[in-house]
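Fold and contact review
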Amino acid sequence: MAEKQLESTTRAAAFQKEWFGELRRRVFDERQPYALVQADVPFELFDLLDLPAVSNQWWSSLVAAKRQAPAFLDAMRADGIPEQLCRYCSLGLATTRYSRAGEAPWGGLPTPRLLCARLTCDCVHRVFSLWAEAFGAELFEIDHPGATELPPRWWELGRRRWRDLVEPHRLEFVAAALERLVEKLETISGRRLDRAALRARLERVNRQEEIFDEARKLIASAPATPVRMTEQIANVMATQWVRGTDWALAHAEHFRDEIARRVDEGVAAYANERRRLMWVGAGLWHDTDFYTAFEKSHGAVFVWSMYLAFGPDGYIRYGFDDPIEALASRTASFNEYLHNPPWAAEWIVEQARDHRIDAALVLHPRSLKPSATGRRFIEQALEEAGIPALPIEADVVDARAWDPAVTREAVRAFLDERVPR
Amino acid sequence: MATSAITELTAAFQEPFRALGRDAARDRDAVVISWPSVPVEIIRAAGLRAVVARSGAEPTPAADAVLEPDLFPSRLHQLVEAVLTGRLANVAAIVLPRTSDPDYKCFLYLRELVRRRVVGALPPVLLFDLLQSGGDEVARYDAARTRDLLATLARIAQRHLTDEDLRGASGAANTARAAARRLDALRRREPRLRGFEALPLLGAFWHLAPERYAVLAAAAAESIAARAPLTGLRTLFAGVPVDSNALHAAVESQGAIVVTEISPYGAETAGDDVDTASDPISAIAERYRTSSIDARTPIDALERRIERALPDVDAVVISLPRDDASFGWDYPRLRRLLERCSLPHAVLDGDPRRPIAASDLGRVAALVGASARPDASHG
């Protein structure tokens, strides 16, 4: 793994490990409840009702980064579950259901009081039902109504005109589901949700995302990228899982300030940057070295991934007369923003232009159905914008079919042929 | 009448989607749906007819260039191919239900193809946003979406519809469902027709006017009831719902008889009736929310349907092709259930619309061979 260039990255990793250790202590020693959730549910509600939430995707990425995924996935295959099914969403389930197959990080997940998932991809209901069954815990589902109106430039509408971004019937539906979730969390915690506290939290989330926006602009406008994409992700995601908390705000500021100092001092992540790359899709968690593999050979540096950019563009909502509705407007269309035509392609091209991107690598994760669709529209839009795009077929957590040498060679050939410098 | 009824039902299942694009005038009252979880009652109440896109072995080069591989089932490749080659230019509307993620994504793709002018003018492309999870807000939402679809179709058909029109359509469909149930009963304990023959007879329900379907199904049932019972391994199809009888043919060639399948084209065609005593829109929405068989049917609901079918079968064939994102998760639970019932099973991973792969055929042959009972009494 490439060396950490930012002190913020070391702090973020330490915080996450400490946070998880504290969670385990609370659950085991104090018998406190916690929730296991999909990444796209509103964490703020859980936190405000004293039910810490662990993200399934974060846990999967951690298992993959610790090189434990193959053992658990082999056990799942041996149980007869077909190989083509989603690995990213189900690796956590595998660590529970086949717990003896491998060594789960940091002692493994304790039994949650509640599991919660938005039913985006068809697999989510099934994976979470099996997981709830394996834990003997309760599952709360938030259904995912389909979008039919997708106005241009969603990332601009979302900030102040979010009621224009989501159809009224979808907004009403998701808000009703979130109110039902609040009732469930209140029952578990024995406390009432303080709506004023929710407004205050959402305002702090806005502030955090504004700071990330400043960080993004620093990265986009610097002569050479001051922070590697992998370190952007590590800092952003550690913060997003606890967004709006004191630690999150302080860490976002520290991260931004560290980037600003590096820009002021002319420090680049890679000194001889000659090509600026973007990564389209979820992170390749089992091989993060991939993202620095083309620096020496081609001066090719990954500048952009969705993780930093999506914070400000996907989360900021101004106007909290009804904070649940504001949350619903954020929640309703996550998948459409990131993966589906026309929204994903439009946003990614805009981001590529802002970041002076020379070429894009577009993940095709066949088993991860939501983010495997829309890829061709994205590639076509990038190419039409003059940005060469290379499809990369890979699973984000499953390294078993991944040949690092072959893929690296394909990328080198692509850079030589399509992005000459 | 009996032979012609069987012929007419079979043709009514096989032909309507293939026939689109041949006669513009004939196409104008067709509403193409991508899966039968769009209520035919409201299509018919609007004076239109449903045509369901089904999987097929015909090549789909134009669609293959748009749809990423292994993510979209064959029926959606066939639908997009028909769109891109202009065959659906004259239909009244195209409706995709939210009952699988590929259907929803296909809706977004079609809209994008229009926006990018990859295709010329298309008829209205609509999403029927039927949700299937629990929660009070879901039933309300589904009723509202059903009302919205009805209003859109009525506008397209230039009709004013009343609650009585809807109740009439629901009642007629229920009559057709009753006829489908009588036909389906002839497959069960002492089967008198093979699954290969049965699936089109049942699946024609979606395409035919209900009054006509009821008459034809009754005639077919009368004729089939007079046949001698068949012997063979009585088999259930589970896993990804089949929408053609190609897999039936392959499995039955090995000596099995497919007596039921968890599919809206076969044994689940009838499903539950629509309640005609309550608010007609809510009743239709509720019927489709709870009875539709698709990739988002809740795991417990699906398991209950399988459990209901097990007393009449000797073995189970589970189809889990590569484009499945959903049903494969049910396999460990299903395996445990079958073990509890001492029922053998085979898992097939080939594409059910193509000639069966040698490996899958071997699994079926092994299942039939291992389960062979010389006296096959089926009592």
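How each quantity is defined
Residues numbered from 1 in each chain as written. Chains lettered and ligands numbered in written order. Predicted model: local features only at pLDDT ≥ 70, side-chain atom pairs only at ≥ 80, totals over all residues. Helix = DSSP H or I, 4+ residues; strand = E, 2+ residues; numbered from the N terminus. Rg over C-alpha atoms; globule rule 2.2 N^0.38 Å. Buried ≥ 20, exposed ≤ 12 C-beta atoms within 10 Å, placed from the backbone. Contact = placed C-beta atoms within 7 Å. Axes fitted to C-alpha atoms, helices over the stretch in contact; angles between N-to-C directions. Left-handed = near helix turned anticlockwise from the far one by under 90°. Nonpolar A, V, L, I, M, F, W, Y, C, P; charged D, E, K, R; others polar. Pairing = 2+ DSSP bridges. pLDDT = per-residue confidence, 0-100.

Focus on the overall build of chain A
Counting secondary structure elements, chain A contains 20 helices and eight strands. Whereas a compact globule of 421 residues would reach a radius of gyration of roughly 22 Å, chain A reaches 21 Å, a difference of no more than 12%. Dimensions of chain A, computed from the C-alpha atoms along their principal axes, are close to 60 × 50 × 40 Å. Buried positions account for 56% of the 421 residues belonging to chain A. Pairs at least 24 apart in sequence give 79% of the contacts found in chain A among residues at least 6 apart.

A look at unusual backbone geometry
Residues and elements named next belong to chain A. Looking along the chain, the bond that leaves Pro341 and enters Pro342 is cis, with omega of 0°. Within the secondary structure, Pro342 is located in the loop between α16 (334–339) and α17 (343–354). Phi at Arg67 is positive, roughly 60°, even though this residue is not glycine. Positionally, Arg67 belongs in the loop between α3 (56–65) and α4 (69–78).

Focus: the packing of α17(A) against helix α19 (residues 375–384) of chain A
Residues and elements named next belong to chain A. Look at α17 against α19: their axes get within 9 Å of each other, and the N-to-C directions meet at 35°. The crossing of α17 and α19 is right-handed. Taking contact as the criterion, the partners of Ala344, Ala345, Ile348, Val349 and Ala352 in α17 are, on α19, Phe377, Ile378, Ala381 and Leu382. Its residues assigned to classes, the contact of α17 with α19 comprises nine nonpolar, no polar and no charged.

Brief notes about the sheet that holds strand β8 (residues 345–348) of chain B
Residue and element names in this part refer to chain B. The strand order across the open sheet formed by four strands is β6-β5-β7-β8, and the pairing between neighbours is parallel. In this open sheet, the two edge strands, each paired with only one partner strand, are β6 (256–261) and β8. Each adjacent strand pair in this sheet contributes to an overall mean axis angle of 30°, direction not counted. Bridging between strand β7 (residues 315–319) and β8 involves four bridges; their strand directions are parallel. What sits directly across from Ser319, in β8, is Leu348. Sheet strands touched by helix α15 (residues 358–371): β5 (233–239), β6, β7 and β8. Its angle to β8, the strand with the most contacts, is close to 175°.

Quick word on the sheet that holds strand β4 (residues 125–128) of chain B
Residues and elements named next belong to chain B. With parallel pairing, four strands are arranged side by side in an open sheet as β2-β1-β3-β4. Because the sheet does not close on itself, it has two edges, and the strands there are β2 (49–52) and β4. The mean inter-strand angle of the sheet, taken between neighbouring strand axes irrespective of direction, is 30°. Of the strands in this sheet, β1 (30–33), β3 (93–97) and β4 touch helix α7 (residues 136–157), which is tilted by about 155° from β4.

Quick notes on the confidence of the model for chain B
The share of residues in chain B with pLDDT of 70 or more is 97%, and the mean pLDDT across the chain is 94. In the model output, the complex is listed with pTM 0.96 alongside ipTM 0.95.

So, the environment of B:Ala121
All names here are of chain B. Among the structural elements, Ala121 can be located in the loop between α6 (101–115) and β4. Residue classification places Ala121 among the exposed residues on the basis of 7 C-beta atoms within 10 Å. Taking the C-alpha atoms as reference points, Ala121 and Ala89, 32 residues apart in sequence, are found 7.3 Å from one another.

Examining the environment of A:Ser8
All names here are of chain A. Along the chain, Ser8 falls in helix α1 (residues 7–29). Judged by C-beta crowding, with 25 C-beta atoms within 10 Å, Ser8 ranks as buried. Ser8 sits 91 residues away from Ser99 along the chain, and the two C-alpha atoms are 33 Å apart. When neighbours within four sequence positions are excluded, Ser8 is seen to be in contact with Asn235, His251, His254, Phe255 and Glu258.

Quick look at the interface of chain A and chain B
At the junction of the two partners, chain A supplies 36 residues and chain B supplies 39 residues. Among the secondary structure elements, those contributing two or more residues to the side of chain A that touches chain B are α6 (123–135), β4 (138–143), α9 (168–189), α18 (369–372) and α19 of chain A. When residues in the side of chain A that touches chain B are grouped by element, the largest group, six residues, is from α6(A). Considered class by class, the residues forming the side of chain A that touches chain B number 17 nonpolar, nine polar and ten charged.

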